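Below are the chains, spelled out letter by letter.
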Amino acid sequence: MSEMDRLITDLEVPPPRKTSLMFRLKLLMNVAVNNTNPRTIAVGEPSWVRGDYPPNEINNCRYSLVTFLPLALLNQFKMFFNIFFLAVAVSQFIPSLQVGFIFIYFAPLAFVVSLSLIKDAVDDIQRFLRDKKANAERYHKLLPSGEAVEIEAKHIVVGDLLVIEQNCRIPADCVLLHTTEKSGASFVRTDQLDGETDWKLRFPLKTTENLTNAELGVLRMNLRCEDLHKDIYKFVGQAQCSRRQPEGVTLENTLWANCVLASGTVVGAVIHTGVDTRSAMNAAKAASKLGLIDLLELFIGILCFGILVVLAFLLVVQQGFQGSWFVMFIRFIILLSAIIPISMRVNLDVARVWYSLVIFRDSVIAGTLVRNSNIPEDLGRLSYLFSDKTGTLTKNIMEFRSLQMGAQFTLQHRDVEDFQQALSVFFASRGGEGRVSTRGIVGFSQTQIKEVGTAILCLALCHNVTPVTHEDGNVEFQASSPDEVAMVKFADSVGVKLLDRTLKKIVLRVTCDGTEHTLEYEVLKMFPFTSERKSMSIFLRDCQTNQFYFFMKGADVKMITVVRKCDWIDESCQELAQKGLRTLVFAQKPMTESDVKAFLTAYEQANAVMGDSRPVAIESCMQTVERGMDLVAITGVEDQLQDDVTNALETLGMCGLKVWMLTGDKVETATCIGRSTQLISRQAHVEYLLQRSRAEIIDRLDQLRQQYDPLIVGDYLSTKWALITDGTSLAICLEDDIQKTTSRKHLQTLPVLQTPVARCSPTQKAAVVQTIRKYSPNSVRTAAIGDGGNDVSMILAANVGIGVEGVEGKQASMAADFSITKFSHCLRLIMWHGRNSYRRSCHLCQFIMHRGIVYSVVQAVFSVLFAGSTMSVFNGYLLMGYATVFTMAPVFSLVLNEDQREDDVCEFPQLYKQLIKARSMNMRSFLQWVWVSFFQGGVMMTLSLQLFGDEMFQIVTIAFTSLLITELVIVAGGVNFRILWKQRRTHFWLFLLAELFSILAFFIAVLVLPDTIDKTFFFSASFASKVAIISIASIGPVFVFWLIGKYILCRPQIAKLKEDW
């Protein structure tokens, strides 16, 4: 039988998959449909029916054409303001409740809802266009003839064979069948999947690696896949061709969607499409975050509604409950409904767009992006900041620093000459009887020279680094970890250079007495590093001596279990960690050829096992060789600190933020980095929570609380301290049944400490944030900052997520609410932009609330003085103009205001700390504005009626003009013109322009609406004097009380700070 005949021999065809009606309906309604069942894919079988596998389309739209109006309207009418005004507008169809034109009540609601619908529609159309562009990308599909034809990404289906070229995005999850790379493996870039920029090696199936495209085109293969899940680091499958032994398919044989092929041209068989791909399943849509201002807005709305009900009830009481008093009660609610600030939502949305634009245009923090414009105010009320370490506080740029080969034998990175001399003797003696000459080398024994040579060989061989030569001749090292690159570069600096690395061999060039020699090693099997095993290992054959070796490196907690008993591992690792170095332990084990063959056979059998038992079988197989190994060395690698990170952390602490550092490194490393970054101040007492039992942890927390609670005075602590814990202790603290008993007690102490958490997994990082949020008041805002894919869960769990575009890629940046280029930029983002956004939005909400209450009080006084009349004091045009054209521009221009000089905000972090106390907008401030509104509304209407009540038409003119001038003056009184003139002169002129626009718009309305305003009276001297008297009477006392409170009873905070300074 020929090779071609053998390839096309029939296999059993999997049963067809039918498309259900429910599947079609869900697709129509834009509902993600995952097929989680195990699947067997018939590659090369045209008759196989694929059925209900999802289409290979990217779909980030929130709505479909069918669901847009129902769902968008439903989202709009979840809000209290919209529901209330909808009820008011609908009530005007009932004759007994009608108090004005229907248009007057429907127009504001329709305007607000329409703007929101248009915004949703524009956002969704933009998503659709982006998706359409991605779905139209063209790829090549391999036909049975061996030819490749173009196909759009959205038309790719399960079972297709794709030809993917270098630097192309992988459109669907595939199993790698063939690569053109000489090394027999291709690299992929996974930064958009797991956040890591380092290239990953992927290997084709052994069954298909040597087949041509023509042979692959007619290949008949069944691919069995495990149950669908979203773990990107795990895959269990099996490939079966006719008359061949089944081959296990692992993660190393896969190409996940949205990764980029970095080398060669490959052929892959599609196994998952659309929402079934690992990328789509891990791109969990972040829950819509509700900002603190949104909660306060709802709070204000409910309080205003309460005031409305009270006013309406009092008006009914004033009538003595005569007649249909309940109908009158409803009519008064409708008449005074302007007290509910329906325009607040629109104003806040537009303000947030402005805040985002200001942040984007800030040259001091260039590159900062706002990806979620709904929560910029939350930056001004942060209480906790949870930070990753590697790549966030540090640069993730590794430098080799130390190599320890014995309890008393350590060499540093600067001892290059010592290394070179020892290596020269070591390699000169290779091939002898193991004896080396120490002549000419001072301070090294024969044993130490051998230890140095063996250690450097381990660094140069035990890794997953591949040298890549670019067109300009420069060599770049690609690896899954920057630690490995640092070690390979160090080996190169002392004379052991990595020349070549393929799937089958490693070639080194060593320098011995000025002469260069080449060493070649055959790669028998390599096991990449995984977070579960915390190690990587490799089987090699020395081509010069034909000796077999098993090299392994990993974390100390793993390596202690595989090396022979040694009493200096723990002490050495702790010593290096205390210097802030990342440690790895290296070990080796000589092997015989028969031992290696036996292991590889057993491993292939374990790897062919299907289902959840495969990892267990593989681990059992690995344990046969991972024991009794010889300890070679312990390395120390330094991760450089980010620029200005120390100043940023120190200043954030002065702002009142509690900073937690969550890292996967050792406790000692976390402590050292905490010290060097000033996260742990020099004067602070360091306490540890490293217990291993539930009872011990609870006792320890109680002990700390009893020790430090008496030292808390208000918001200050007389003795600074920091708590350091690790993932094991943290996991116990996060158990559901003890959270309730420990978290509340612990949180009493947390506001006065900084907490580095070591050995913390990505899941635990998110759990920490969730626990703090769960057991803290709603007013406590948390932020999380990170730079890698492993930080995404933490970023999504916080109220505010900040992503750093770093060495590990952009996944954290893309998932975050705010994206920055380095950690120190978060200081200005929080202190300046966050503070301004919060204060501006607070003032905006308060003035909008004041505007509505003042009018409602005017109307209420009018109704009282006119025997409980439900007639509106102003006609519909004036009422609509008052809330829109006449006052909208000045009120909105409050987003241009700055209450403090920029230099003062940066110099005195205590200005930010005051915001955490929520004094800018709380019940007290609300009642103050209510008092001002009632006073001004009552004075205006009473004086208009009692002193100048000659004619109703003139009363309306006087009252409305006084109301408008009062509002404009009150808004202007809230602006700091001196600061705007000095540092934001453009904002100064814009605010004046907004005030002039309102006045001009009112004058135009007087001219074009003669039935609304008495034009003759309006331009008389009598009118001007009466309006001046009423305006002064309503504004003057308020400003007198404001001046007394600000400059006599309470001095300005900045003056106190400067005096103390």
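Residues numbered from 1 in each chain as written. Predicted model: local features only at pLDDT ≥ 70, side-chain atom pairs only at ≥ 80, totals over all residues. Heavy atoms only, no water.

1. Re the overall build of the chain
This is how it is decided: By the criteria applied, helices consist of DSSP H or I runs no shorter than four residues and strands consist of E runs no shorter than two, each listed in order from the N terminus. Relative accessibility decides the category of a residue: with a 1.4 Å probe and only protein chains considered, values under 20% of the type maximum give buried, values over 50% give exposed, and everything between is partly exposed. In what follows, a contact means two residues having at least one pair of non-hydrogen atoms within 4.5 Å. Working definition of accessibility: Shrake-Rupley area with a 1.4 Å probe, residue cover restricted to the visible protein chains.
When helices and strands are tallied, the chain shows 38 helices and 35 strands. In the chain, buried positions account for 54% of the 1061 residues. Partitioning the contacts of the chain with sequence separation of at least 6, the portion at a separation of at least 24 is 73%. Here the chain has roughly 46200 Å² of accessible surface; of this, 57% comes from carbon and sulfur atoms.

2. Things to note about the nonpolar core
Heads up, the condition is: The term nonpolar core refers to a set of buried residues drawn from Ala, Val, Leu, Ile, Met, Phe, Trp, Tyr and Cys, joined through side-chain atoms within 4.5 Å. Note that the domain bounds reflect an automated or database-derived domain assignment.
Ranked by internal contacts, the top residues of the largest apolar core, which has 138 residues, are Phe823, Phe874 and Met941. Here this core takes 20 residues from helix H27 (residues 825–865), the largest share from any one element. Residues lining this core come from more than one domain, with at least three contributed by each of domain 2 (342–367 + 829–1060) and domain 3 (380–393 + 642–822). Among the nonpolar cores identified, the runner-up in size contains 52 residues, and Leu423, Ala479, Ala486 and Met536 belong to it.

3. Examining the sheet that holds strand E21 (residues 505–512)
Selection rule: Two strands make a pair as long as DSSP finds a minimum of two bridges between them. To obtain an axis, a line is fitted to C-alpha atoms, over the contacting stretch when the element is a helix, and the angle between two such axes runs from 0 to 180 degrees between their N-to-C directions.
Pairing within the open sheet is antiparallel, and its nine strands lie in the order E17-E16-E26-E25-E24-E23-E22-E21-E20. The open sheet has two edge strands, strand E17 (409–412) and strand E20 (496–501), and neither has a second partner. On average, each strand axis in the sheet is inclined to that of its neighbour by 30°, with strand direction left out of account. In the sheet, strand E25 (residues 581–591) pairs with strand E26 (residues 630–641) via eight bridges, with the strands oriented antiparallel. From the neighbouring strand, Leu581 faces E26, where its bridge partner is Glu638. Those strands touched by helix H12 (residues 416–428) are strand E16 (394–406), E17, E20, E21 and strand E22 (515–530), and its axis lies near 110° from that of E21. Its contacts with the sheet place helix H13 (residues 446–461) against E16, E17, E20, E21, E22, strand E23 (535–542), strand E24 (548–554), E25 and E26, and it is angled at close to 150° to E16.

4. Some details on the pattern of salt bridges
Filter applied, for reference: Salt bridges are counted wherever a side-chain nitrogen of Lys or Arg sits within 4 Å of a carboxyl oxygen of Asp or Glu.
A complete count under the given rule lists 33 salt bridges for this structure. With a closest N to O distance of 3.1 Å, Arg352 and Asp294 form a salt bridge. Separated by 58 residues along the polypeptide, Arg352 in helix H11 (residues 344–360) and Asp294 in helix H9 (residues 292–318) bring together distant segments of the chain. The exposure class of Arg352 is buried, given its relative accessible area of 1%. With a shortest N-O distance of 3.1 Å, Asp904 and Arg901 are connected by a salt bridge. Relative accessible area serves as the criterion here: at 4%, Asp904 is assigned to the buried category. Each of the salt bridges in this network shares a partner with another, and the network as a whole consists of Asp362, Arg828, Arg840, Glu898, Glu902 and Arg984.

5. Some remarks on the side chain of Thr887
The cut-off we apply is this: Throughout this description, a polar contact denotes any pair of N or O atoms lying within 3.5 Å of each other; where both atoms belong to protein, one of them has to be capable of donating a hydrogen while the other can accept it, and for residues adjacent in sequence the pair is counted only when both atoms sit in side chains.
Topologically, Thr887 is positioned in the loop between helix H28 (876–883) and helix H29 (888–892). Take Thr887: its relative accessible area is 1%, and that puts it in the buried class. Reaching out from Thr887, the side chain makes a polar contact with the side chain of Arg851 at a distance of 3.0 Å. A distance of 2.4 Å separates a polar atom in the side chain of Thr887 from the backbone oxygen of Tyr882. Setting aside its immediate chain neighbours within four residues, Thr887 contacts Arg851, Gly881, Tyr882, Leu964, Glu967 and Ser998.

6. Some thoughts on the confidence of the model for the chain
Heads up, the rule is: Per-residue confidence from the predictor is reported as pLDDT, which spans 0 to 100.
When pLDDT is averaged along the chain, the result is 81; 88% of the residues meet or exceed 70. Across residues 1–8, confidence stays below pLDDT 50; counting only partners more than four residues off in sequence or on other chains, it has 16 contacts. Counting interchain partners and residues more than four positions distant, the pLDDT-below-50 stretch residues 431–436 has eight contacts.

7. A word on unusual backbone geometry
Positive phi is not limited to glycine here, since Asn167 has a value of about 70°. Topologically, Asn167 is positioned in the loop between strand E4 (161–164) and strand E5 (173–179). The class for Asn167 is exposed, based on a relative accessible area of 52%.

8. A word on helix H3 (residues 68–76)
Each α-helix turn comprises 3.6 residues. Residues three or four places apart therefore point the same way. The condition that has to hold: Picture the helix axis, draw a direction to every C-beta atom, and the arc is the one those directions span.
For H3, every residue scored as buried is listed here: Phe68, Ala72 and Gln76. Mapping the buried residues of H3 onto a view down its axis gives an arc of 50°, with all of them on the same face. Close packing links the buried residues of H3 with helix H4 (80–91) and helix H5 (102–135).

9. Concerning the side chain of Lys553
Among the secondary structure elements, Lys553 is positioned in strand E24. Here the side chain of Lys553 touches Cys462 through a polar contact of 3.1 Å, landing on its backbone oxygen. Discounting chain neighbours no more than four positions away, the residues touching Lys553 are Cys462, His463, Glu484, Ser535, Met536, Met559, Leu584, Val585 and Phe586.

10. A look at the sheet that holds E4
Pairing within the open sheet is antiparallel, and its six strands lie in the order E3-E2-E4-E13-E5-E11. The open sheet has two free edges, formed respectively by strand E3 (148–152) and strand E11 (254–255), since each of these has just one partner strand. Bridge analysis of E5 against strand E13 (residues 266–272) gives six bridges, and the strand direction is antiparallel. Counted as the bridge partner of Leu176 is Gly268 from E13.

11. A word on the environment of Val932
Note on placement: Val932 falls in helix H32 (residues 923–948). When its relative accessible area of 11% is taken as the criterion, Val932 is described as buried. For the pair Val932 and Ile853, spaced 79 residues apart in the sequence, the C-alpha separation amounts to 9.5 Å. Once you skip the residues sitting within four places of it in the chain, Val932 turns out to touch His850 and Val1038.

12. Here's the deal with the UniProt feature "binding site: Mg(2+)" (unreviewed entry) in the chain
Our working definition: UniProt positions are given in the numbering used here, feature names are shortened, and annotations may be inferred rather than shown by experiment.
Under the present numbering, the feature "binding site: Mg(2+)" (unreviewed entry) in UniProt falls on Asp388, Thr390, Asp787 and Asp791. Spatial clustering of the annotated residues is evident: they stretch over 404 residues in sequence, but the largest pairwise C-alpha distance comes to 10.6 Å. Summarising the element assignment, Asp787 is placed in the loop between strand E33 (781–786) and helix H25 (792–797). Here the side chain of Asp787 touches Thr392 through a polar contact of 3.3 Å, side chain to side chain. Here Asp791 is to be found in the loop between E33 and H25. When its relative accessible area of 0% is taken as the criterion, Asp791 is described as buried. Excluding residues that lie within four positions of it along the chain, Asp791 makes contacts with Asp388, Lys765 and Gly786.

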